[in-house]
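# Examination of the molecular architecture
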Amino acid sequence: MQRVKRNLVLLISSLLLLLIWQVGSMMLDSQILLPGIPPVAQALRTLIAQPPFAHNLLSTALRALQSFLIIVISATVVGVLAGRFEYLSIALRPFVTTLKAIPVMSIILLAFIWFSSGTVPLFSAFLMGFPVMYVQIEMGVRQLDRNLDQMCTLYEFRPSDKLLHFIIPSMTSWFIAGSRTALSMVWKVVIAAEVLTVPRYGVGARMQLAQVQLQTDLVLSWTLIAVMLTALGDLLFDALVHLVAYLKRKIDARGVPCSS
Amino acid sequence: MQFLEISKRYEQNVVFDHFSLDIPAQTILSVVGPSGEGKTTLLQMAAGLLEPDAGIIRKEASEEGSVSYLFQESRLLGSSTVYANVELALRRSHSSETQRRQITLHYLAMVGLSESLTLYPAQLSGGMRQRVAIARAFAHPANLMLLDEPFQSLDIKLKFSLVDAFLRLWEEQPRTTLFVTHDPKEALMLGDAVCCLGDPKKPLWYQQIDIPRNARNITDAKMLAWEATLVRTLVNA
């Protein structure tokens, strides 16, 4: 019952959002300032039917995925090391603080001076997402339960068992929190970088071209696609987390014999 | 096990000063004392987690090797099942999986958890979690057992059932045991001897409990007299 109520509230608030959009569009009465829902839906349909659509979508998704993977791997390695070695953490502090404070646009503009347009989204997304993930992993290592660590030592756990049954499970929530935030950040930065650098293919590049031609319905269509991409990414990520948790429970249950 | 002339201080706080204590093999020594008088320090030195500043800790051949430590909290791995929590403590000592399985199932059955093998610690009550910890401590092949107030903060019924589970396992395979507690009754019911800390140089009170463990009754006149002395010593410490 609680779930039905929650979904109902969610549905009503989503409809309210669409209503505000439609009413706003009717009040402004300008296709350039704010087109209504029907023309945007029409533009979206046309957009999807055109052949370069998949190419634009895949290019953006691939860039986001690439930078996400680079962030996950590098931030995990560096975060674990910084969590273990305090001096490394102190040495990295100015870099991380700078990266956290620097505006996204500055990074994109600078990157555009240094690299080709295809590399800029990758590089910018990496610089923006890395500190988020790194901070979480470092914190996770620091917050490892000292009591459990001592227990593992006293009960002579093998290093591989300690890693598998204590360290990795303790780090999981930090890893998930870090990668989830990094993932949603990556989509935004990749698209923003595409808007500024206009690579041949990419959601952001199409958005920019539509804006130059004052095709607001197209800008909004691409925006909707970007929102859906982000939502799909989050959904896939959650599904992956659930799948891993499910598989772990299955493996755990298989490791337990019958007591009789 | 013997603590011979050990000294230990934390900055200005002298906890032990040429302190000696003898624990006969395969007996339980109950250690009571006010907070901050070195009970946990004594356990940690026995476990090898802390080194005394001076003096030596002599262990008999049968007490050498690894130790089993029962903590105040159960200290279970949250993402491992009840079964895995016990079995993991055997992996280094027993390479045969069949052997590990037999031992794990035996000790979990002894503490009445045969039906809870696939559960995770979060799905257990506090008492059940502590029973897993007891099973793990006994399953682990150690000849020295260290108990740091493991029955604290449990209701009286649960405490008795855990003490009972502990004693059943202990009688099956007696090991030299240091049992730290705040509770004078618990100390007298479980220990072969009771030692009260409070003076860095020597125990404030040391008493052999010459009544067989299964014949002890806390309302017995002798036990009541010991309890009164112990409480008085603790109050005056």
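The rules behind each value
Residues numbered from 1 in each chain as written. Chains lettered and ligands numbered in written order. Predicted model: local features only at pLDDT ≥ 70, side-chain atom pairs only at ≥ 80, totals over all residues. Heavy atoms only, no water. Helix = DSSP H or I, 4+ residues; strand = E, 2+ residues; numbered from the N terminus. Buried < 20%, exposed > 50% of the residue type's maximum accessible area, 1.4 Å probe, protein only. Contact = heavy atoms within 4.5 Å. Areas by Shrake-Rupley, 256 points an atom, 1.4 Å probe, with all protein chains shown as cover. Domains from an automatic or database assignment. Buried area = accessible area lost by both parts, 1.4 Å probe. Salt bridge = Lys/Arg side-chain N within 4 Å of Asp/Glu carboxyl O. Polar contact = N/O pair within 3.5 Å; in protein donor to acceptor, adjacent residues only side chain to side chain. Nonpolar A, V, L, I, M, F, W, Y, C, P; charged D, E, K, R; others polar. UniProt positions renumbered as here; feature names shortened; annotations may be inferred. Core = buried A, V, L, I, M, F, W, Y, C linked by side-chain atoms within 4.5 Å. Disulfide = S-S within 2.5 Å. Phe/Tyr/Trp six-rings, centres within 6.5 Å; stacked < 30°, edge-to-face > 60°. Lys NZ or Arg CZ within 6 Å of the ring centre and 35° of its normal. Pairing = 2+ DSSP bridges. Axes fitted to C-alpha atoms, helices over the stretch in contact; angles between N-to-C directions.

Helix and strand content of chain A: 10 helices and zero strands. Going residue by residue from the N terminus, the α and β elements of chain A occur as α-α-α-α-α-α-α-α-α-α. By principal-axis analysis of the C-alpha atoms, chain A measures approximately 75 × 55 × 30 Å. A buried classification covers 35% of the 260 residues belonging to chain A. Considering only contacts in chain A between residues 6 or more positions apart, those separated by 24 or more positions represent 71%. Accessible area for chain A stands at about 15500 Å²; split by element, carbon and sulfur atoms hold 71% of it.

What follows covers the domain arrangement of chain A. Residues and elements named next belong to chain A. Domains assigned within chain A are domain 1 (1–30) and domain 2 (31–252). Distance from the C-alpha centre of domain 1 to the C-alpha centre of domain 2: 28 Å. On the domain 2 side, the residues contacting the eight residues of domain 1 number 11 residues. The contact between domain 1 and domain 2 buries some 770 Å² in all, and 68% of this surface belongs to carbon and sulfur atoms. When the buried area of domain 1 at its contact with domain 2 is split by residue, Trp21, Gln22 and Ser30 rank highest and sum to 72% of it. Scanning the region where domain 1 abuts domain 2 turns up zero salt bridges. Connecting domain 1 to domain 2 are seven residue pairs in polar contact (both at pLDDT 80 or more). Partitioned by chemical class, the residues of the side of domain 1 that touches domain 2 number three nonpolar, four polar and one charged.

At the interface, 22 residues of chain A touch 30 residues of chain B. Together, A:Leu154, A:Tyr155 and A:Glu156 form the three largest contributors to the area buried by chain A at its contact with chain B, with a combined 29%. In this assembly, chain A and chain B are joined by one salt bridge. For the side of chain A that touches chain B, the secondary-structure elements that each account for two or more residues are helix H7 (146–154), helix H8 (159–197) and helix H10 (216–254) of chain A. Considered class by class, the residues forming the side of chain A that touches chain B number 11 nonpolar, five polar and six charged.

So, on to the UniProt feature "domain: ABC transmembrane type-1" (unreviewed entry) in chain A. Sites flagged by UniProt as "domain: ABC transmembrane type-1" (unreviewed entry) map to residues 57–237 of chain A. With 88% helix and 0% strand, residues 57–237 of chain A has end C-alpha atoms that lie 18 Å from one another.

Attention now goes to the nonpolar core. B:Phe3, B:Leu42, B:Leu146, B:Phe151, B:Phe166 and B:Leu178 are the most contacted members of the largest nonpolar core, which totals 74 residues. B:Phe151 has contacts with B:Ile134, B:Lys159, B:Leu162, B:Val163, B:Phe166, B:Phe179, B:Glu186 and B:Leu190, leaving out every residue within four places of it along the chain. Of all hydrophobic cores here, the second largest spans 40 residues; its members include A:Ala64, A:Ala82, A:Val203 and A:Leu229.

Residue and element names in this part refer to chain B. For the structure on display, the rule yields zero disulfides over all chains. Cys196 supplies the cysteine sulfur nearest to Cys195, a cysteine that is in no disulfide, at a spacing of 7.1 Å. Given a relative accessible area of 0%, Cys195 falls into the buried group.

Our next topic: the packing of aromatic side chains. For the structure on display, the rule yields 12 aromatic pairs over all chains. Note on A:Phe68 and A:Phe237: the rings are 6.5 Å apart at their centroids and 80° apart in plane angle, and the pair reads as edge-to-face. Pair noted here: A:Phe68 is in helix H3 (residues 52–84) and A:Phe237 is in helix H10, with a separation of 169 residues, a long-range link. Through a chain of ring-to-ring contacts, the aromatic side chains of B:Phe138, B:Phe151, B:Phe166 and B:Phe179 assemble into a single cluster. If you follow B:Arg75 out to its NZ or CZ, it ends over the ring of B:Phe71, 3.7 Å from the centre.

We now examine the UniProt feature "transmembrane region" (unreviewed entry) in chain A. All names here are of chain A. Under the UniProt annotation, "transmembrane region" (unreviewed entry) lies at residues 64–83, 95–116 and 219–247. In the segment residues 95–116, helix accounts for 82% and strand for 0%; the C-alpha atoms at its two ends are 24 Å apart. Secondary structure content for residues 219–247 is 100% helix and 0% strand, and the end C-alpha separation is 42 Å.

Let us look at the pairing of strand E8 (residues 193–196) of chain B. Residues and elements named next belong to chain B. Residues Ala193 and Cys195 line one face of E8 and the alternating positions Val194 and Cys196 line the opposite face, and both faces are buried. Sheet topology note: the strand E3 (residues 28–32)/E8 ladder contains four bridges and is parallel. Each bridged residue has a counterpart across the sheet, and for Leu29 the counterpart in E8 is Ala193. Examined bridge by bridge, E8 and strand E9 (residues 205–208) share four bridges and lie antiparallel to one another.

Residue and element names in this part refer to chain B. One open sheet holds the three strands; their spatial order is E2-E1-E4, and the pairing between them is antiparallel. Because the sheet does not close on itself, it has two edges, and the strands there are strand E2 (13–22) and strand E4 (54–58). Each neighbouring strand pair of the sheet contributes to a mean axis angle of 25°, computed without reference to strand direction. Pairing of strand E1 (residues 2–10) with E2, which is carried by six bridges, proceeds in the antiparallel orientation. From the neighbouring strand, Phe3 faces E2, where its bridge partner is Leu21. With respect to the sheet, helix H1 (residues 39–47) is in contact with E1, E2 and E4, its orientation differing from that of E1 by roughly 120°.

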